[in-house]
Amino acid sequence: MTIETYQCPQCSAPLIWKNGELVCESCGASYKEEDMRALSEAMQENAGQSSLDWNKCRNAQTFTAQEESALQEYNCPACGAVLVTSAATAASSQSWYCKRQKNHVRPTIDPQMSFVTENGGVFLGKDPDEKVIYLTFDAGYENGCTEPILEALAKHNVKAAFFVVGNYIEQNPELVRRMLREGHIVGNHTYHHYDMSKLSDEAAFNQELTSLETLYRETTGEDLPRYYRPPQGIYSEKNLEMAQKLGYRTVFWSLAYVDWYQDNQPTDEQAFSKLLPRIHPGAVVLLHSTSQTNARILDTLLSKWEEMGYSFGTLDELFA
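Values in this document were obtained by computation on a predicted structure and should not be read as measured data.

## Things to note about the packing of helix 10 (residues 268-275) against helix 11 (residues 292-307)
Geometry of a packed helix pair, given as the angle between the helix axes and the separation of the axes.
Then, in step 1: Closest axis-to-axis distance for the helix 10/helix 11 pair is 10 Å, and the angle between their directions is 45°. As summarised for this structure, helix 10 and helix 11 are arranged oblique, according to the angle between their axes. Both helix 10 and helix 11 take part in a crossing whose hand is right-handed. For the pair helix 10 and helix 11, the contacting residues are Asp268, Ala271, Phe272 and Leu275 in the first and Thr293, Arg296, Ile297, Thr300, Leu301, Lys304 and Trp305 in the second.

## A closer look at the confidence of the model for the chain
Then, in step 1: Of all residues in the chain, 72% have pLDDT values of 70 or greater, and the mean over the chain is 82.
Then, in step 2: Throughout residues 36-78 the model reports pLDDT below 50, and contacts reaching past four residues in sequence, or to other chains, amount to 98 contacts.
Then, in step 3: Confidence over residues 80-91 falls short of pLDDT 50; this stretch has 50 contacts with residues more than four positions distant or in other chains.

## Digging into unusual backbone geometry
Then, in step 1: Of note in the backbone geometry, Asn103 takes a positive phi value of approximately 60° without being a glycine.
Then, in step 2: Take Asn103: it is sitting in the loop between strand 7 (93-95) and helix 4 (115-118).
Then, in step 3: Residue His193 is not a glycine yet carries a positive backbone phi of 65°.
Then, in step 4: Within the secondary structure, His193 is located in the loop between strand 11 (185-188) and helix 8 (202-220).
Then, in step 5: Judged by relative accessible area, which is 9%, His193 ranks as buried.

## Digging into helix 5 (residues 146-156)
Then, in step 1: Taken residue by residue, helix 5 has Thr146, Ile149, Leu150, Ala152, Leu153 and His156 as its buried positions. Buried residues of helix 5, seen end-on, are gathered within an arc of 160° and therefore sit on one face of the element.
Then, in step 2: Positive backbone phi, at 55°, marks Asn157, one or two positions downstream of helix 5.

## Considerations on the environment of Ser93
Then, in step 1: Relative to the helices and strands, Ser93 is located in strand 7.
Then, in step 2: Ser93 sits in the partly exposed class, given a relative accessible area of 26%.
Then, in step 3: Once the C-alpha coordinates of Ser93 and Ser236 are considered, the two residues, 143 residues apart in sequence, prove to be 4.8 Å apart.
Then, in step 4: Setting aside residues up to four positions removed in sequence, Ser93 forms contacts with Ser197, Ile234 and Tyr235.
Then, in step 5: Side-chain polar atoms of Ser93 contact the side chain of Ser197, separated by 3.0 Å.

## Brief notes about the pairing of strand 10 (residues 161-164)
Then, in step 1: Going residue by residue along strand 10, you find Ala161 and Phe163 tucked away on one face and Phe162 and Val164 tucked away on the opposite face as well.
Then, in step 2: The pairing of strand 9 (residues 132-139) with strand 10 spans four bridges and is parallel. Its bridge partner lying in strand 10, Phe137 is registered against Phe162.
Then, in step 3: Crossover connection from strand 9 via helix 5 to parallel strand 10: handedness right-handed.
Then, in step 4: Two elements, strand 10 and strand 11, share four bridges in a ladder whose sense is parallel. Across the sheet, Phe162 pairs through a bridge with Val186, a residue of strand 11.

## Describing the side chain of Asp259
Then, in step 1: Examined against the element boundaries, Asp259 turns out to sit in the loop between strand 14 (249-251) and helix 10.
Then, in step 2: Among buried Asp, Glu, Lys and Arg side chains, Asp259 stands out as unpaired, with Arg229 the closest opposite charge at 9.7 Å.
Then, in step 3: Engagement of the side chain of Asp259 in a polar contact is seen with the side chain of Asn294, the distance being 2.8 Å.
Then, in step 4: With near-sequence residues (within four places) excluded, Asp259 lies in contact with Gln265, Pro266, Leu287, His288, Ser291 and Asn294.

## Quick look at a negative patch on the surface
Then, in step 1: Taken together, the side chains of Asp127, Asp129, Glu130, Asp316 and Glu317 present a region of like negative charge at the surface.
Then, in step 2: Tracing the backbone shows Asp127 in the loop between strand 8 (121-122) and strand 9.

## Describing the pairing of strand 9
Then, in step 1: The buried count for strand 9 comes to eight of eight residues, which makes it a mostly enclosed element.
Then, in step 2: Burial along strand 9 is two-sided: Val132, Tyr134, Thr136 and Asp138 and Ile133, Leu135, Phe137 and Ala139, pointing in opposite directions, are all buried.
Then, in step 3: Bridging between strand 9 and strand 16 (residues 311-313) involves three bridges; their strand directions are parallel. Across the sheet, residue Tyr134 finds its bridge partner in strand 16, namely Gly313.
Then, in step 4: Across six bridges, the pairing between strand 9 and strand 15 (residues 283-288) is parallel. What sits directly across from Leu135, in strand 15, is Val285.

## Observations concerning the pattern of salt bridges
Then, in step 1: As enumerated under the stated definition, the model contains nine salt bridges in all.
Then, in step 2: Across the salt bridge formed by Asp299 and Lys155, the nearest N and O atoms sit 2.8 Å from each other. On the criterion of sequence distance, the pair formed by Asp299 in helix 11 and Lys155 in helix 5 is long-range, its members being 144 residues apart.
Then, in step 3: A salt bridge links Arg226 to Glu213, with the nearest nitrogen and oxygen atoms 3.5 Å apart. Residue Arg226 is found in the loop between helix 8 and strand 12 (227-228), and its partner Glu213 is found in helix 8; the two are separated by 13 residues along the sequence.
Then, in step 4: Under the relative-accessibility criterion, Glu213 is labelled buried at 8%.

Here is what the cut-offs are and how they apply
Residues numbered from 1 in each chain as written. Predicted model: local features only at pLDDT ≥ 70, side-chain atom pairs only at ≥ 80, totals over all residues. Heavy atoms only, no water. Axes fitted to C-alpha atoms, helices over the stretch in contact; angles between N-to-C directions. Helix = DSSP H or I, 4+ residues; strand = E, 2+ residues; numbered from the N terminus. Parallel < 35°, antiparallel > 145°, perpendicular 65-115°, else oblique. Left-handed = near helix turned anticlockwise from the far one by under 90°. Contact = heavy atoms within 4.5 Å. pLDDT = per-residue confidence, 0-100. Buried < 20%, exposed > 50% of the residue type's maximum accessible area, 1.4 Å probe, protein only. Arc of directions from axis to C-beta. Polar contact = N/O pair within 3.5 Å; in protein donor to acceptor, adjacent residues only side chain to side chain. Pairing = 2+ DSSP bridges. Right-handed = clockwise from strand over helix to strand, strands pointing away. Lys, Arg positive; Asp, Glu negative; His and termini not counted. Salt bridge = Lys/Arg side-chain N within 4 Å of Asp/Glu carboxyl O. Patch = residues over 30% accessible without salt bridge, like charges linked within 9 Å, V, L, I, M, F, W, Y side chains within 5 Å. Areas by Shrake-Rupley, 256 points an atom, 1.4 Å probe, with all protein chains shown as cover. Charge placed at Lys NZ, Arg CZ, Asp CG, Glu CD.

Structural data, given as C-alpha cells:
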C-alpha cells in the first residue's frame, strides 16, 4: 500500500511497503522499520510534553490532545508503531535562511542567529570583496546526474563539496571514490537524512554522523572531512553545539534555488535567472546533484560566473 504522508528522507517521494521494508519508488532507497523505531525511541524522553508527530506512524493516524494523553506507551493505536514527539523541540528548531540583497550584495542573517557562527557555522566567505564562489552539492540519491556534473567541474578545474547520506555511499561507492580521486570534498549529510533538530539526545545525534564516517572510511579508506550540512537546512542551537563537539564545521549556504523537484525541474532560463543575478562575493552555493537542469547547465553556468570575474574556492580554504 502507498503511505501517502510517509516520505523518503532523501528525496521526499512516498514510501511503499515491499518485502517487509519501506521502499522509495523514486530513488530506490529502502528503510527497515526498526531504524525508524530507533529514531523514535531516541526521542522518547520528550514524550508527554507536547503533541505527537504522527508522521512516524506508518498508517499516518492523527489524534487529539485528549487521545494522546491516554497513550501511555505512545504507540499508535491503529498499527502499534511508535509515535514521535516533536513540539517539545520545535521552539529550538530553526530552518536556515538568509536575507537576499540586490546587485550582487552579500546576504545577511538576523542578529539573533549569531549563535550559528559562534558554533562553527558558515554561510559566506570571509572577505566581502573577494569574488570567490564555494560550490556545494547535496547528494541524497543518484539518478544519473552526478557524472555530467563531475565532468563539468573537471573541465573548469573546479573543486566542489558533495554532502552525501548513507544510502548514497552504499549504492554509489565508485562515484564517491571518484569524487575523492578528483579532488572534491565529501561532507556529512547524516546517515539517514532525518530532521536533526528533533534529536536532542547527544548519543543519537552523534550516531547519525559517526555512522556515515565509518561507512565512508570502509568505502574509501580515508577519513571523512569534518564538514556537516543539516538535512533540509533544519537545525537547532544544540545541534550546532553537538556537531562542533565532534569536530565538525556546519556549512549552510548563501545562494540556492528550487532545483530538487523531479517532476517540476526549472528550465535553463529559469535557473540562470536565479543563479546569475544573485551571485555575490564569497557565495556558498547549494545545488542538488539530482537536478537534471543543474547537470545540463553547469558547464555554461561555470563559464558565465568566470566571465563575471569569479573564481572558485574550497571549504578547506573557506575555513582556513
